[in-house]
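Architecture and fold: a report
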Amino acid sequence: HDIHLDDVSDVATRFPGRAREDGKHYALDFTLAELKQLEMRERFKPATGERVFPGRYAGEGIVFRLMTLSESLTLIAALNTSTGREAGVYPEIKRPAWHRAEGRDLSRAVLAVLEEHGYADKEDRCYLQCFEYDEVRRLRDELGYRGRLIQLLGGGDKIGEGNTDNARFRTPEGLRELARRVDGIGPPLGEVVKGGDPATRRITSLVAEAKAAGLAVHPYTARADELPKWAADYGDLIGVLREAGVAGYFTDFPGLAR
């Protein structure tokens, strides 16, 4: 999910001495053959070994391994055929400015894989997401991506990844600017619904204003084991999101979502 591997794998013990000066092991510093040796785990805190979500899968041993994007898309296509369903995909361009500084054009590489697997136009069941507006603009204007594109947004007033002005892009004017290039936004749950408990929660104007600009809203992340304070339980959380009018949402619990 991220640019380093320490909190989701056994990289520190399997490849000692391969960390950078900040003490972290970066995926970019390993070959694919090396990455495929890793034991992938539920997220944990490297300093203590404590699991971030204690109630989730806790098995040991090589059960889960890293897959390439191409391998993942091949698997999904085969599952769609065998089940008769049509699951889409929602990849993220992660830290593209950092990757370019490291000499890797992540977006160009991802677009090539997506097109190879039949994800190129807005009719294809794919949303491509990124937090960095400069890269979103580059995907559309320079690299010519024709598919569905989502601008991810952080919460609060801080400038986000890639100098993205999250607060401005949540205003009607900023949403209209985004609509010239993207099909929707992915804000945190707390920008769609605010409140310290179920009794005082309120739905913000963000979804309505985004819809007025022609944008879908897909907030993140609905977790049954990390509920926002304004939700009584997972069902209540989803009910409020439906009431807010979101077009979809990110979740770690797709079974509950269905």
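Preceding block: the structure.
About the cut-offs
- Residues numbered from 1 in each chain as written.
- Predicted model: local features only at pLDDT ≥ 70, side-chain atom pairs only at ≥ 80, totals over all residues.
- Heavy atoms only, no water.
- Helix = DSSP H or I, 4+ residues; strand = E, 2+ residues; numbered from the N terminus.
- Areas by Shrake-Rupley, 256 points an atom, 1.4 Å probe, with all protein chains shown as cover.
- Pairing = 2+ DSSP bridges.
- Axes fitted to C-alpha atoms, helices over the stretch in contact; angles between N-to-C directions.
- Parallel < 35°, antiparallel > 145°, perpendicular 65-115°, else oblique.
- Left-handed = near helix turned anticlockwise from the far one by under 90°.
- Contact = heavy atoms within 4.5 Å.
- Phe/Tyr/Trp six-rings, centres within 6.5 Å; stacked < 30°, edge-to-face > 60°.
- Buried < 20%, exposed > 50% of the residue type's maximum accessible area, 1.4 Å probe, protein only.
- Lys NZ or Arg CZ within 6 Å of the ring centre and 35° of its normal.
- Core = buried A, V, L, I, M, F, W, Y, C linked by side-chain atoms within 4.5 Å.
- Right-handed = clockwise from strand over helix to strand, strands pointing away.
- Patch = residues over 30% accessible without salt bridge, like charges linked within 9 Å, V, L, I, M, F, W, Y side chains within 5 Å.
- Salt bridge = Lys/Arg side-chain N within 4 Å of Asp/Glu carboxyl O.

On to the overall build of the protein. A tally of helices and strands in the protein yields eleven helices and six strands. Counting only C-alpha atoms, the protein reaches 50 × 45 × 45 Å along its principal axes. Total accessible area on the protein stands at roughly 13700 Å², and carbon and sulfur atoms take up 51% of it.

This brings us to the sheet that holds strand β3 (residues 184–186). What the four strands build is an open sheet, ordered β1-β2-β3-β6; its pairing is parallel. The sheet terminates laterally at β1 (127–130) and β6 (216–217), the two strands that pair on one side only. With three bridges joining them, strand β2 (residues 148–152) and β3 adopt parallel strand pairing. From the neighbouring strand, L152 faces β3, where its bridge partner is G186.

For the rest of this paragraph, the subject is the packing of helix α3 (residues 69–83) against helix α5 (residues 106–116). Running from N to C, α3 and α5 point in directions that differ by 25°, and their axes come no closer than 10 Å. By the criterion of interaxial angle, the relationship of α3 to α5 is roughly parallel. For α3 against α5, the interelement crossing comes out right-handed. Contacts from L69, S70 and L73 in α3 reach V110, V113 and L114 in α5.

Two numbers describe a pair of aromatic rings. These are the distance of the centres and the angle of the planes. Applying the stated criterion to the full structure yields eight aromatic pairs. Measuring from ring centre to ring centre gives 6.0 Å for F131 and Y220, while their planes differ by 85°; the resulting arrangement is edge-to-face. Of the two residues, F131 is situated in the loop between β1 and α6 (133–141) and Y220 in the loop between β6 and α10 (234–244); the sequence distance between them amounts to 89 residues. We classify F131 as buried; its relative accessible area is 18%. Given a relative accessible area of 22%, Y220 falls into the partly exposed group. An aromatic cluster of three or more residues is present, and its members are Y90, Y127 and F250. Positioned above the aromatic ring of Y26 is the side chain of R20, whose terminal nitrogen or guanidinium carbon lies 4.6 Å from the ring centre.

If you look at the biggest cluster of nonpolar residues, it comprises 42 residues, and the most contacted ones within it are L114, L128, I185, V192, L215 and L237. Put simply, the parts of the chain that give this core at least two residues each are α5, β1, α6, α8 (172–178), α9 (206–212) and α10. Ignoring any residue separated from it by four or fewer positions in sequence, one finds L215 in contact with L175, L178, A179, V182, D183, G184, I185 and A210. Counting eight residues, the second largest nonpolar core, distinct from the first, contains F15, F30, L35 and L38.

The next thing to look at is the pairing of β1. Bridge analysis of β1 against β2 gives four bridges, and the strand direction is parallel. Counterpart to Y127 in the pairing with β2 is R148. Between the parallel pair β1 and β2, the chain is carried across by α6, and the sense of this crossover is right-handed.

The next point concerns a nonpolar patch on the surface. Together, Y57, V63 and F64 make up an exposed nonpolar region whose accessible area comes to about 290 Å². For Y57, a relative accessible area of 43% puts it in the partly exposed group.

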